[in-house]
Amino acid sequence: MGSLRDPHTDLHSEQGALRGEHPGRAQNPVVKVHDVAWVEFEKPDLERAELFARAFGFTVSLRTADELQLRGTDPGSPCVVIRRGPRSRFVGSAFRATDDRDVLRLAEATGRKAAKLPESLGGISVDLTDPSGFGVRVVSGTHELPPLPGQEPLEFNFGHDVTRVNAGQRAPRDPAKAQRIGHVVLQSTKFREALDWYLEHLGMIVSDFQYFPEQRERGPVMAFLRCDRGSTPADHHTVAMNLGPTNKYVHSAYQVADLDTLAAGGQYLLQHGYQRSWGIGRHIDGSQIFDYWRDPDGFLVEHFTDGDLFDCTLEPGWGVFAVSTLSQWGPPPSKDFLGVKPGRESLSELRAMAGALREDNEFDRHSLRGLLKAAAS
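As the structure is a computational prediction, the values presented were derived from the model and not from experiment.

## A few points about the overall build of the chain
Here is step 1 of the chain: Each helix and strand in the chain was counted, giving seven helices and 20 strands.
Here is step 2 of the chain: What you see for the chain is a C-alpha radius of gyration of 21 Å, in line with the 21 Å of a compact globule of 377 residues.
Here is step 3 of the chain: Projecting the C-alpha coordinates of the chain onto the three principal axes gives extents of approximately 65 × 55 × 45 Å.
Here is step 4 of the chain: Expressed as a percentage of its 377 residues, the buried residues of the chain come to 52%.
Here is step 5 of the chain: When contacts within the chain are restricted to residue pairs at least 6 apart in sequence, those whose partners lie at least 24 apart make up 70%.
Here is step 6 of the chain: Total accessible area computed for the chain in this model is approximately 18100 Å², and 52% of it derives from carbon and sulfur atoms.
Here is step 7 of the chain: Placing the 43 positive and 51 negative side-chain charges of the chain at their respective mean positions leaves the two points 4 Å apart.

## Quick word on the pairing of strand S5 (residues 80-84)
Along any regular strand the residues' side chains alternate between the sheet's two faces.
Here is step 1 of the chain: When strand S2 (residues 35-43) meets S5, the two strands line up parallel, connected through five bridges. Looking across to S5, one finds that Glu-42 is bridged to Arg-83.
Here is step 2 of the chain: Examined bridge by bridge, strand S4 (residues 67-71) and S5 share four bridges and lie antiparallel to one another. Within S5, the position partnered with Glu-67 by the bridge is Arg-83.

## Here we look at the side chain of Asp-285
Here is step 1 of the chain: Residue placement: Asp-285 occurs in the loop between strand S16 (275-282) and strand S17 (289-294).
Here is step 2 of the chain: Among the polar contacts made by the side chain of Asp-285, one reaches the side chain of Gln-210 at a distance of 2.8 Å.

## A few points about the pattern of salt bridges
Here is step 1 of the chain: On inspection of all chains with the given rule, the structure shows 26 salt bridges.
Here is step 2 of the chain: Between Arg-89 and Glu-42 there is a salt bridge, with its nearest N and O atoms 3.1 Å apart. Separated by 47 residues along the polypeptide, Arg-89 in strand S6 (residues 89-96) and Glu-42 in strand S2 bring together distant segments of the chain.
Here is step 3 of the chain: What makes Arg-89 partly exposed here is its relative accessible area of 30%.
Here is step 4 of the chain: Using a relative accessible area of 21% as the deciding quantity, one classes Glu-42 as partly exposed.
Here is step 5 of the chain: Residue Arg-218 is joined to Asp-364 by a salt bridge in which the shortest nitrogen-to-oxygen separation is 2.9 Å. Here the residue Arg-218 occupies a position in the loop between strand S11 (205-211) and strand S12 (222-226), and Asp-364 occupies one in the loop between helix H6 (344-358) and helix H7 (365-375), the gap between them amounting to 146 residues.
Here is step 6 of the chain: Note on Asp-364: relative accessible area 25%, which makes it partly exposed.
Here is step 7 of the chain: Counted as one network, the salt bridges with shared partners bring together Glu-47, Glu-50, Arg-54, Arg-63, Asp-66 and Arg-84.

What counts and how
- Residues numbered from 1 in each chain as written.
- Predicted model: local features only at pLDDT ≥ 70, side-chain atom pairs only at ≥ 80, totals over all residues.
- Heavy atoms only, no water.
- Helix = DSSP H or I, 4+ residues; strand = E, 2+ residues; numbered from the N terminus.
- Rg over C-alpha atoms; globule rule 2.2 N^0.38 Å.
- Buried < 20%, exposed > 50% of the residue type's maximum accessible area, 1.4 Å probe, protein only.
- Contact = heavy atoms within 4.5 Å.
- Areas by Shrake-Rupley, 256 points an atom, 1.4 Å probe, with all protein chains shown as cover.
- Lys, Arg positive; Asp, Glu negative; His and termini not counted.
- Charge placed at Lys NZ, Arg CZ, Asp CG, Glu CD.
- Pairing = 2+ DSSP bridges.
- Polar contact = N/O pair within 3.5 Å; in protein donor to acceptor, adjacent residues only side chain to side chain.
- Salt bridge = Lys/Arg side-chain N within 4 Å of Asp/Glu carboxyl O.

In short, the description is geometric, and any link to function would need to be established separately.
This is the structure we're talking about:
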């Protein structure tokens, strides 16, 4: 019998771009945002949303008849803002500017006006729409929520490096307290246009590009974008986006203390009847340990821990967009996570593919062929 080849060999290139490929950053961006601030949703049932939020590990920082604000244990703004609406939908993302001057500069460059945010949030905002139709708020001067007590990481004995003696290891089966929002992932029918918009307007830089199997010459179809904080390391990605047949929210991710917190929090969610979509595993690009869940409205949310941090000097890596590139270890990606689970969502996606091929966007027959190869990898 021949030896089995490691399927992860050569999936991620550390050699970077070939001549003429996308540089992964803008020459002279309008501003450089500091971080993601929060994501916004509309949902008809705030009571149901609050029950899941508490089980997932959020703390409620504001609750009115028509609005729910959810925070982590880190100081700062809320992680999630949910307003009552006639149907469940993703509204958009808010990003934190360095100061008010950047908000005003971005407003002037885009022909928009900066405006005060509601008193519950404080500060000012310029409200934009990206090429995919997603709302983008750039904010500054928001109220600073104080830190909350968090979950302390457990103390580990690593091999022969022993630090814990005469003490058992007991991770409480409690909600995994979210510390902060880490990133949001979006799908776009105008991937290249949207990518350049975030680089040019928000000053983000690409950590990793991915391309469809055997289609590198057609350019990237997924990008992981981080904030440019100069020599200060930032999350591997604050926004990730991929080319697809519809413009849609894919998931948002929230950091927890460590693997035990993540795993025990997952057991708590299972015990309370919530649906795990995929996990537990470790990603390749970004390296996070992950666990994905569906909230009662069908939105995908992620617990993560131990993610990569890069400063501004690191150039983009290039790798293949494929199911096999999603994780180093863990169970295979579920049909639910991939959006092919039989049901209304998968039927809607099939109809969207057919419709996208008839429309003027970046998702063409070559993209469809590449997507099918990626799914079969």
